[in-house]
Amino acid sequence: MTKQDNTAGELSKLIEKVRNTGAYCHFNEAVMQSAKLLENSLSSFITNIDEDLTSNDLLNQTKEIIVMSENPLHTFHVLHKIRKYDDATFIHSLNVAILCNLYGQWTNMPQEECDVLTLAGLLHDVGKMKIPEEIIKKPGSLTEEEFNEVKNHPRRGYLLLESLHIDDRIKKAALQHHERCDGSGYPDGLVSEQIDDFAKIVAIADIYDALTSARVYRGPLCPFAVIDMIEKDNQQKKFDSRFLIPFLTGIVRSFIGCEVLLSDGRKAKILKENTDQFAKPIVQIGQEQIDLQNEKECVIQSLI
């Protein structure tokens, strides 16, 4: 058995230990209940059982999850522990809402604005409810027809929300969360100045959560691998740096003090973010502080 096999075994035991704690079980149960509430509320609206969406109930349920933890950082850590299974649309939407709420806290956003942003995250993927489940959960490559069906969900989401008495930024987030500042997004290929600010924030939270979540065709990716992918994407200016930098700063700062496994098998503790390269923070190994920017072949492989 190799050293890396031993390390992977230790990591698996640590993760299972966390999943067996009362705090994790309580948080996980609350997430599942909220996801069910979201599913039922949206399903009722879409099938015209209710005349309007009970957005306040959805918002309050989401905020209850956030405040049940000791602090926002604890919420963030526990959120990363529920990546074992494939995330349904509703779990993903709840995760994006939590990330949007944390972003609001990280940037000292006024509470009313933070609530709107949280709801924008919660409702951004509502259009996916109109896509057949076999397409959403298909493990293989989508056909061109299936991909076009998926790409139409932002417009469908906007049409579902259009008549509701909710903030227009929530509706725009549903429509524009797959748009990119360089014009490479969909459904309309908008450029930066044409995209709503809240839609830009939701877009960042959306892609971060999608990549760090399990999927039917792959396991969850390490947050720092995802940060690296987002940073590389942004070399083409796909995201608005006014929102991306505070988001990535908040993410990395949330992991300060956490132990990680490096790609060379060493264990390290995160000490500080690197604003030039968020995926390569300053870490501590034993008594030595190491700037991972200077370790070209070494990356953070996983959280411990």
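Residues numbered from 1 in each chain as written. Predicted model: local features only at pLDDT ≥ 70, side-chain atom pairs only at ≥ 80, totals over all residues. Heavy atoms only, no water.

Trainee: Tell me about the overall build of the chain, residues and numbers included.
Mentor: Within the chain, the secondary structure is distributed over 13 helices and 5 strands. The 304 residues of the chain split such that 50% are buried. Within the chain, residue pairs in contact and separated by at least 24 positions form 63% of the contacts whose partners lie at least 6 positions apart. (Helix = DSSP H or I, 4+ residues; strand = E, 2+ residues; numbered from the N terminus. Buried < 20%, exposed > 50% of the residue type's maximum accessible area, 1.4 Å probe, protein only. Contact = heavy atoms within 4.5 Å.)

Trainee: Please set out the packing of helix α11 (residues 197-212) against helix α12 (residues 223-233) residue by residue, giving values where relevant.
Mentor: Interaxial distance between α11 and α12 falls to 9 Å at its minimum, and their mutual angle equals 135°. The orientation of α11 with respect to α12, classified from their angle, is oblique. You can see that α11 and α12 cross each other, and the crossing is right-handed. From α11, Ile 207, Tyr 208, Leu 211 and Thr 212 reach across to α12, where they touch Pro 223, Val 226, Ile 227, Met 229, Ile 230 and Asp 233. Looking at the contact of α11 with α12 residue by residue, the class counts come to 8 nonpolar, 1 polar and 1 charged. (Axes fitted to C-alpha atoms, helices over the stretch in contact; angles between N-to-C directions. Parallel < 35°, antiparallel > 145°, perpendicular 65-115°, else oblique. Left-handed = near helix turned anticlockwise from the far one by under 90°. Nonpolar A, V, L, I, M, F, W, Y, C, P; charged D, E, K, R; others polar.)

Trainee: Explain the packing of aromatic side chains residue by residue, including any values.
Mentor: One pass over the structure, following the stated rule, counts 3 aromatic pairs. Seen in terms of ring centroids, Tyr 208 and Phe 247 are 5.8 Å apart; in terms of plane orientation they differ by 70°. Their pairing is edge-to-face. Residue Tyr 208 is found in helix α11, and its partner Phe 247 is found in helix α13 (residues 241-254); the two are separated by 39 residues along the sequence. Accessibility expressed as a relative area gives 0% for Tyr 208, which makes it buried. Put simply, the rings of Trp 106, Tyr 208 and Phe 247 touch in pairs and so form one group of aromatic residues. Above the face of the Phe 198 ring, Arg 169 is positioned so that its terminal group lies 4.5 Å from the ring centre. (Phe/Tyr/Trp six-rings, centres within 6.5 Å; stacked < 30°, edge-to-face > 60°. Lys NZ or Arg CZ within 6 Å of the ring centre and 35° of its normal.)

Trainee: With reference to specific residues and values, describe the pairing of strand β2 (residues 267-272).
Mentor: If a strand is regular, its side chains alternate between the two faces of the sheet. Relative to β2, strand β1 (residues 259-262) runs antiparallel, the two sharing 3 bridges. Bridging across to β2, Val 260 finds its partner in Ala 268. In this sheet, strand β3 (residues 282-285) lies alongside β2 in antiparallel orientation, the contact comprising 3 bridges. When the bridges of β3 are listed, Lys 272 appears paired with Ile 282. (Pairing = 2+ DSSP bridges.)

Trainee: Break down the pairing of strand β4 (residues 288-291) for me, citing the residues and quoting the values.
Mentor: Note that β3 and β4 share 4 bridges and pair antiparallel. Among the inter-strand pairings, Ile 285 is bridged to a residue of β4, identified as Glu 288. Between β3 and β4, which pair antiparallel one after the other, the connecting turn spans 2 residues, and Gly 286 there sits at a positive phi close to 65°.

Trainee: I'd like to hear about the side chain of Glu 179, residue by residue, with values.
Mentor: Mapped onto the elements, Glu 179 comes out in the loop between α10 (168-176) and α11. Buried charge without a salt bridge: Glu 179, with Arg 155 as the nearest opposite-charge side chain at an N-O distance of 6.6 Å. A polar contact is formed between the side chain of Glu 179 and the backbone nitrogen of Gly 189, at a distance of 3.1 Å. (Lys, Arg positive; Asp, Glu negative; His and termini not counted. Salt bridge = Lys/Arg side-chain N within 4 Å of Asp/Glu carboxyl O. Polar contact = N/O pair within 3.5 Å; in protein donor to acceptor, adjacent residues only side chain to side chain.)

Trainee: Let's hear about the state of the cysteines: which residues, and what values?
Mentor: The full count for this structure, using the stated rule, is 0 disulfides. In this structure Cys 114 is not part of a disulfide, and its nearest cysteine sulfur, from Cys 100, lies 8.7 Å away. On the accessibility criterion, Cys 114 (3% relative accessible area) is buried. (Disulfide = S-S within 2.5 Å.)

Trainee: For the confidence of the model for the chain, give the residues involved together with the corresponding values.
Mentor: Regions with low pLDDT carry predicted coordinates that are not meant to be interpreted in detail. For the chain, per-residue confidence averages 82 on the pLDDT scale, and residues scoring 70 or more make up 78% of the total. Segment residues 1-19 is flagged for pLDDT under 50; beyond a separation of four residues in sequence, or across chains, it makes 19 contacts in the model. Counting interchain partners and residues more than four positions distant, the pLDDT-below-50 stretch residues 82-86 has 21 contacts. (pLDDT = per-residue confidence, 0-100.)

Trainee: Mind laying out helix α9 (residues 153-161), listing which residues take part and the relevant values?
Mentor: Working note: α-helix, 3.6 residues per turn, so residues spaced by three or four point in the same direction. Every buried residue of α9 is listed here: His 153, Pro 154, Gly 157, Leu 160 and Leu 161. All buried residues of α9 lie within an arc of 120° about the axis, which places them on one face of the element. (Arc of directions from axis to C-beta.)

Trainee: How would you explain unusual backbone geometry if you had to name every residue and give the values?
Mentor: Note the cis peptide between Tyr 186 and Pro 187, where omega equals 15°. Structurally, Pro 187 can be placed in the loop between α10 and α11. Unlike most non-glycine residues, Lys 237 shows phi in positive territory, near 60°. Inspection of the secondary structure assignment puts Lys 237 in the loop between α12 and α13.

Trainee: Could you give me a rundown of the side chain of Asn 234, with the residues and numbers involved?
Mentor: Looking at the secondary structure, you find Asn 234 in the loop between α12 and α13. Asn 234 has contacts with Phe 239, Ser 241 and Leu 244, leaving out every residue within four places of it along the chain.

Trainee: Give a description of the pattern of salt bridges that names residues and reports values.
Mentor: Tallying each qualifying case throughout the model produces 14 salt bridges. Note that Lys 238 is salt-bridged to Asp 182, the shortest N-O span being 3.5 Å. One end of the pair, Lys 238, is in the loop between α12 and α13; the other, Asp 182, is in the loop between α10 and α11, and 56 residues separate them in sequence. Under the relative-accessibility criterion, Lys 238 is labelled buried at 17%. Judged by relative accessible area, Asp 182 falls into the partly exposed class, the value being 31%. Shared partners join several salt bridges into a network, and the residues in it are Asp 197, Lys 200, Asp 240 and Arg 242.

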